[in-house]
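A structural walkthrough
Spelled out, the chains give:
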Amino acid sequence: MAQVRMTTDKPRASWHAEPVEEVVALLGTGPEGLSSGETRSRLALYGPNQLPEEAPPSALELLVRQMRSPLIYILIVAFLVTLALAEYIDAGVIAAVLIINSTIGFVQERQADRSVRALGRLLTPVATVVRDGQTKATNSRELVPGDRVQLETGQHVPADLRIAASNGLLVDESLLTGESEPTAKQPDPVEAAVPPHDRTNMVYTGTTVVRGRGFGYVVATGTRTQVGEIATHMREAALTTTPLQRHVARLSQIIGIVVAVAALIAFGIGIAAGETVNEMFLVAVALAVSAVPEGLPVAFTITLALGVRRMAERDAIVRQLPAVETLGSTTVIGSDKTGTLTQNRMAVQRIWTADEQLDVPSRHAPLQMNGAHLGKPTPLDFVLLAGALANEAEIHSDATTGDAGFGDPTELALLTAASNFGRPPATIRSQYPVHTSLPFEPERQYSAVVVRLAGDQTNQYLTLVKGAPERLGRFCTRIATRERLVEFNAASVEEAAESMARDGQRVLAMAYRFDKEPPADLENLHGLTFAGMQGLIDPPRVGVEDAIQGCRDAGIRVLMITGDHATTAMAIGSRIGLDATPDTVMSGIDVEPLSDSELRDRVRTTSIYARVTPEQKLRIVQALRDNGEIVAVTGDGVNDAPALRAADIGVAMGLNGTDVAREAADMVLTDDDFTSIYDAVREGRVTFDNLRKVTFFLVATNVAEILAVLTALTLGWPLPFRPAQILWLNLVTEGVQDVALAFEPGESGVVHRQPRPAGEGIINRVLWERTLIAGIVMTVGTLLLFRWQTNLGTSLAQAQTVALTTMVMFEAVQVFNARTSGSIFRSNPLSNPFLLVATLAALGLHIGALYFPPTQTVLRVEPLPLSNWAWIILVSLSIILFMELHKFLRRDRRQPSEAAMSH
């Protein structure tokens with residue numbers, strides 16, 4: 001067979017605007033498809049029809065990622081300095097901290113990445129293609145531009161195709177456009193300027209044929225497809241940093257400045273007092289070590305890892321640790337509609353007849369059926385019969401709720417409605433065998449079926465018709481009521497249909513006629529009786545309305561951003577509690593002409609965005625972020641991927657989502673349910689609160705250590721702590737308790753408070769005040785006992801042991817102050833039993849170190865007499881008085897986020 005070469009090697013942007021004949025000529029193909037030789041040449045030129053998969057992060061990449069924290073940078077500098085000074089014990093301890101922190105983060109993120117990739121599709125898609133004049137199945141990766149591909153019900157579209165022939169072809173394009181209703185496809189050219197979701201003669205990679213058949217020619221493969229272009233842009237987009245990463249960076253800058261200033265002050269004081277440069281350099285290093293909260297990175301990592309585990313129990317997989325807190329900081333959630341807020345399946349919501357309007361039950365609510373002879377049927381009977389019999393879908397016998405079946409989602413919904421009214425489709429079809437049928441065609445706007453009736457009735461045949469109300473109205477002369485048939489009133493039917501459509505329902509009408517003989521021509525119907533209408537909608541997910549209200553109570557705006565029609569989006573939005581009025585709805589055509597500044601103004605008041613393209617969705621997300629919002633975006637389709645990547649946190653669907661969406665997301669919902677996001681918000685807020693408690697506890701004790709060393713130097717006293725003792729404080733006694741704070745169960749009402757101000761750091765103003773007060777109290781108490789011991793003439797080692805033990809006891813008391821901003825006396829110590837055990841363990845470790853010879857040598861400590869213990873305990877308890885006084889004075893002036901941490 002002679003093969004015509006393609007006239008262009010570049011994909012055309014206007015295949016949809018060309019007649020089929022021109023497309024065939026440009027592609028160098030024909031009805032017999034490509035030859036095998038031409039296929040091989042084009043495959044070499046264009047490459048395989050697949051998207052390049054993003055390689056999983058290597059072990060080295062994951063390990064390096066754990067080091068990308070300013071806190072870790074400070075620890076690395078401290079490690080190098082102590083190593084250079086031959087302080088090998090101190091250097092070894094810091095190295096252990098770095099190893100532990102990296103290991104925890106590495107294991108958690110590797111496990112999350114594997115979980116997400118396990119959700120990917122495992123099957124290799126197969127395409128039906130015509131080559132060398134023969135139809136055969138082939139791996140879709142081997143498709144090339146010019147291939148002729150056959151399409152049938154249930155198939156996934158394997159590449160971007162220009163439709164050449166269509167027979168009732170309906171395609172579900174929700175993963176690309178967000179529209180819940182299938183799109184009818186036909187071969188005629190359309191305007192060049194129409195957007196992809198309105199190109200009725202094109203089908204795109206990954207979409208699904210829900211009904212009909214046809215064929216088309218491949219015009220784009222791999223990265224040149226619509227899906228491929230979106231995936232490429234998504235991968236090229238810069239990754240955003242999470243709010244927590246920004247807060248940690250800011251805190252690290254503060255710590256770094258404090259370390260440098262404290263070290264310089266100490267060095268200057270010593271030189272002014274006549275000390276040698278070498279000696280004061282060692283003192284400055286010791287002070288720097290005391291200023292760095294070595295346990296903070298490990299405590300942060302463990303706290304985040306616990307948050308990840310709690311979120312996993314709520315059906316949310318977090319891919320990177322810092323993202324676990326972002327959802328708790330979120331101020332806006334931009335949610336996709338189809339499959340996230342809704343169930344991504346059509347369902348009959350209302351049935352209209354001349355006598356009544358019925359809400360369709362979600363469970364079985366059987367009504368008595370009059371048997372195969374129909375007896376005296378009601379209009380409802382005919383509505384349900386027409387919906388179930390003029391129907392090409394199949395529903396499983398055990399799937400009466402419509403959760404499983406095969407065929408057009410609309411027709412599956414009609415079968416489900418019949419089941420829910422006690423008319424199982426299998427029973428109906430066995431009682432009313434089909435004589436002839438006329439399948440649905442978009443141009444015809446209706447389908448029809450003729451069934452043979454049992455018994456000796458005069459009229460042996462029943463014609464049932466289902467289609468668009470305006471189309472069936474032309475065939476009807478009467479309308480059925482329960483009592484009799486009356487003259488058909490087109491105006492009343494049209495008004496009812498418009499009312500249902502305004503509620504976002506897709507309306508189908510049903511009509512019937514009894515005949516003595518089967519109709520000869522179902523293309524020319526007349527004299528029908530109008531039975532009624534069924535209104536269908538993609539129903540909201542169970543619990544989503546409560547979840548949205550919960551988000552509103554938590555100070556989070558929920559927006560709907562969908563590719564579906566504005567009318568449908570408004571109807572769903574109104575039903576689930578969104579602010580759905582004409583003033584709060586924008587369509588993509590409204591977004592397109594706006595400048596960035598104009599869009600930033602509009603997004604402040606808009607709740608629903610309909611018919612938006614992926615590029616417009618991305619602009620909306622960026623405008624929200626430019627306004628200072630912390631934005632979470634949910635989605636399942638390829639069209640959602642750019643916005644998922646650009647958001648502060650992208651949330652993808654794990655069950656029905658695409659691989660591209662999961663790749664772009666920071667978090668994946670394994671149940672595809674918006675209500676899981678609301679649950680995860682609480683876990684995110686609990687995680688941040690615990691990070692805040694850990695930070696407050698560690699920073700306050702480190703401030704005390706810095707002040708104690710600087711004060712001693714200023715007064716000309718010996719140092720109250722040795723470097724190894726400071727590391728013992730920061731890593732062992734503190735390290736046990738700060739990890740325990742990560743297990744705090746969460747304050748009451750945490751999910752009902754307003755989000756934190758965008759600029760508020762991990763430690764806010766109130767906690768900085770409390771940090772300074774706690775640091776001063778611990779410094780004064782520690783130095784008083786240290787000076788008392790030196791005045792008694794005890795050894796320096798004994799005095800330093802008293803100072804060290806006093807600080808350890810202060811920590812044991814302060815950790816319970818840190819777990820609540822309310823009164824410590826109203827806090828239940830058993831609500832976090834791990835903290836109680838950890839505190840006792842820390843004290844036990846320290847007491848053991850005082851009497852265990854190896855630790856006595858390393859730490860240079862000595863056993864303490866009981867009289868010293870009594871004074872140490874009494875002084876350390878004094879911090880409760882000062883903390884309670886500050887909490888009382890600040891009770892009415894606390895910031896909302898701080899006040900909400902109280903019990």
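Now for a quick tour of the structure. (Residues numbered from 1 in each chain as written. Predicted model: local features only at pLDDT ≥ 70, side-chain atom pairs only at ≥ 80, totals over all residues. Heavy atoms only, no water.)

**Describing the pattern of salt bridges**
Defined as follows: When a carboxyl oxygen of Asp or Glu lies within 4 Å of a side-chain nitrogen of Lys or Arg, that pair is called a salt bridge. Secondary structure elements follow DSSP: runs of H or I of four or more residues count as helices, runs of E of two or more count as strands, with numbering from the N terminus. Between buried and exposed lies partly exposed: a residue is buried under 20% and exposed over 50% of the maximum accessible area for its type, with that area taken using a 1.4 Å probe on protein chains only.
The tally for this structure, following the rule as stated, stands at 27 salt bridges. A salt bridge links glutamate 683 to arginine 314; its shortest N-O distance comes to 3.4 Å. Residue glutamate 683 is found in helix 25 (residues 674-714), and its partner arginine 314 is found in the loop between helix 10 (295-313) and strand 8 (316-318); the two are separated by 369 residues along the sequence. When its relative accessible area of 32% is taken as the criterion, arginine 314 is described as partly exposed. In this structure, glutamate 523 and arginine 444 form a salt bridge, with 3.2 Å as the shortest nitrogen-oxygen distance. Here glutamate 523, found in the loop between strand 19 (506-515) and strand 20 (528-537), pairs with arginine 444, found in the loop between strand 14 (434-441) and strand 15 (446-452); they are 79 residues apart in sequence, far enough to count as distant. Overall, arginine 444 belongs to the buried group, its relative accessible area being 14%.

**Some words on the pairing of strand 7 (residues 208-220)**
This is how the line gets drawn: Only strands that DSSP links by at least two bridges are regarded as paired with each other.
Most of strand 7 is tucked away: 11 of the 13 residues are buried. Both strand 3 (residues 148-152) and strand 7 contribute to a ladder of 5 bridges, which runs antiparallel. Among the inter-strand pairings, glutamine 150 is bridged to a residue of strand 7, identified as phenylalanine 215. Inspection of the sheet shows strand 4 (residues 160-172) paired to strand 7 by 10 bridges, in the antiparallel sense. Its bridge partner lying in strand 7, isoleucine 163 is registered against glycine 216.

**Points about helix 2 (residues 36-46)**
What counts here: An arc is given here, and it is the one of the directions from the helix axis to the C-beta atoms. Any two residues having at least one pair of non-hydrogen atoms within 4.5 Å are treated as being in contact.
Taken as a whole, helix 2 has its buried residues at Glu38, Thr39, Arg42 and Tyr46. Projection of helix 2 onto a plane perpendicular to its axis shows the buried side chains occupying an angular sector of 100 degrees, all on one side. Those residues of helix 2 that are exposed and angled more than 90 degrees off the buried face are Arg40 and Ala44. Packed against the buried residues of helix 2 are helix 1 (20-27) and strand 1 (126-131). Once helix 2 ends, the next one or two residues include glycine 47, with phi positive near 85 degrees.

**A closer look at the packing of helix 8 (residues 243-272) against helix 25**
Threshold: The axes used here are C-alpha line fits, helices contributing only the stretch in contact, and every angle between their N-to-C directions lies in the interval 0 to 180 degrees. Roughly parallel covers angles under 35 degrees, roughly antiparallel covers those over 145, roughly perpendicular covers 65 to 115, and oblique covers all other angles. Residue polarity follows a fixed list, in which Ala, Val, Leu, Ile, Met, Phe, Trp, Tyr, Cys and Pro are nonpolar, Asp, Glu, Lys and Arg are charged, and the others, Gly among them, are polar.
Between helix 8 and helix 25, the least distance of the axes is 10 Å, while the angle of their chain directions is 10 degrees. Put simply, helix 8 runs roughly parallel to helix 25. When helix 8 is examined against helix 25, the residues Leu244, His247, Leu251, Val258, Ala262, Ile265, Ala266 and Ile269 are found in contact with a partner set consisting of Phe688, Leu691, Thr695, Ile706, Leu710, Leu713 and Thr714. By residue class, the composition of the contact of helix 8 with helix 25 is 12 nonpolar, 3 polar and no charged.

**What to know about the sheet that holds strand 23 (residues 608-610)**
Spatial strand order, 8-26-25-24-9-21-23-22: 8 strands in an open sheet with mixed pairing. At either end of the open sheet lies a strand with only one pairing partner, and these are strand 8 and strand 22 (585-587). Taken over all neighbouring pairs, the strand axes of this sheet differ in orientation by 20 degrees on average, direction set aside. For strand 21 (residues 557-561) and strand 23, the ladder comprises 2 bridges, and the chain directions are parallel. Looking across to strand 23, one finds that isoleucine 561 is bridged to tyrosine 609. Packed onto the sheet, helix 19 (residues 566-576) meets strand 21, strand 22 and strand 23 and runs at close to 155 degrees relative to strand 23. Against the sheet, helix 22 (residues 614-626) makes contact with strand 9 (332-335), strand 21, strand 23 and strand 24 (631-635), and its axis sits at roughly 160 degrees relative to strand 24, the strand it touches most.

**With respect to the packing of aromatic side chains**
Rules: Centres within 6.5 Å make a pair out of two Phe, Tyr or Trp rings, where for Trp the six-membered ring is used; the pair is then stacked when the planes are under 30 degrees apart, edge-to-face when over 60, and tilted otherwise. Only lysine NZ and arginine CZ atoms are considered, and such an atom sits over a ring when it is within 6 Å of the ring centre and within 35 degrees of the ring normal.
A complete count under the given rule lists 8 aromatic pairs for this structure. With a centroid separation of 5.4 Å and 45 degrees between ring planes, the pair formed by phenylalanine 488 and phenylalanine 530 is classed as tilted. Within this pair, whereas phenylalanine 488 is found in the loop between strand 18 (485-487) and helix 17 (490-502), its partner phenylalanine 530 is found in strand 20, the two being separated by 42 residues in sequence. Take phenylalanine 488 and phenylalanine 530: they sit in the same class, and that class is buried. Through successive ring pairs, a cluster of aromatic residues spans Phe382, Tyr512 and Phe514. Over the ring of phenylalanine 215 we find arginine 148, and its NZ or CZ is 3.6 Å from the ring centre. The lysine or arginine in question, arginine 444, covers the ring of tyrosine 446, its NZ or CZ lying 6.0 Å from the ring centre.

**Concerning a nonpolar patch on the surface**
The cut-off we apply is this: Within this analysis, patches are made of residues with over 30% relative accessible area and no salt bridge. Like charges are joined at 9 Å or less; nonpolar side chains (Val, Leu, Ile, Met, Phe, Trp, Tyr) at 5 Å or less. To measure how exposed things are, a 1.4 Å probe is used in the Shrake-Rupley method; for residues, cover is taken only from the protein chains shown.
On the surface, a cluster of nonpolar side chains totalling about 370 Å² of accessible area is made up of Leu772, Ile776, Val780 and Leu784. Here leucine 784 is to be found in helix 27 (residues 765-791).

**Thoughts on the pairing of strand 10 (residues 347-352)**
Across the 6 residues that make up strand 10, a large majority, 5, are buried. Where strand 10 and strand 20 come together, 5 bridges link them in antiparallel fashion. Of the residues in strand 20, the one forming a bridge with valine 348 is leucine 536. Of the pairings in the sheet, the one linking strand 10 to strand 11 (residues 357-359) comprises 3 bridges and is antiparallel in character. If you follow arginine 350 over to strand 11, its bridge partner there is aspartate 359. As consecutive antiparallel partners, strand 10 and strand 11 are separated by 4 residues.

**Details of the environment of serine 676**
To be explicit about the condition: Any pair of nitrogen or oxygen atoms within 3.5 Å is treated as a polar contact; in protein, a donor-acceptor pairing is required on top of that, and neighbouring residues in sequence qualify only through side-chain atoms on both sides.
As for its placement among the helices and strands, serine 676 is situated in helix 25. Separated by 133 residues in the primary sequence, serine 676 and glycine 543 place their C-alpha atoms 9.9 Å from one another. In this view, serine 676 contacts Arg314, Asp315, Leu669 and Asp671; residues no more than four positions away in its chain are not counted. Within the local environment of serine 676, its side chain forms a polar contact with the side chain of aspartate 671, the two groups lying 2.7 Å apart.

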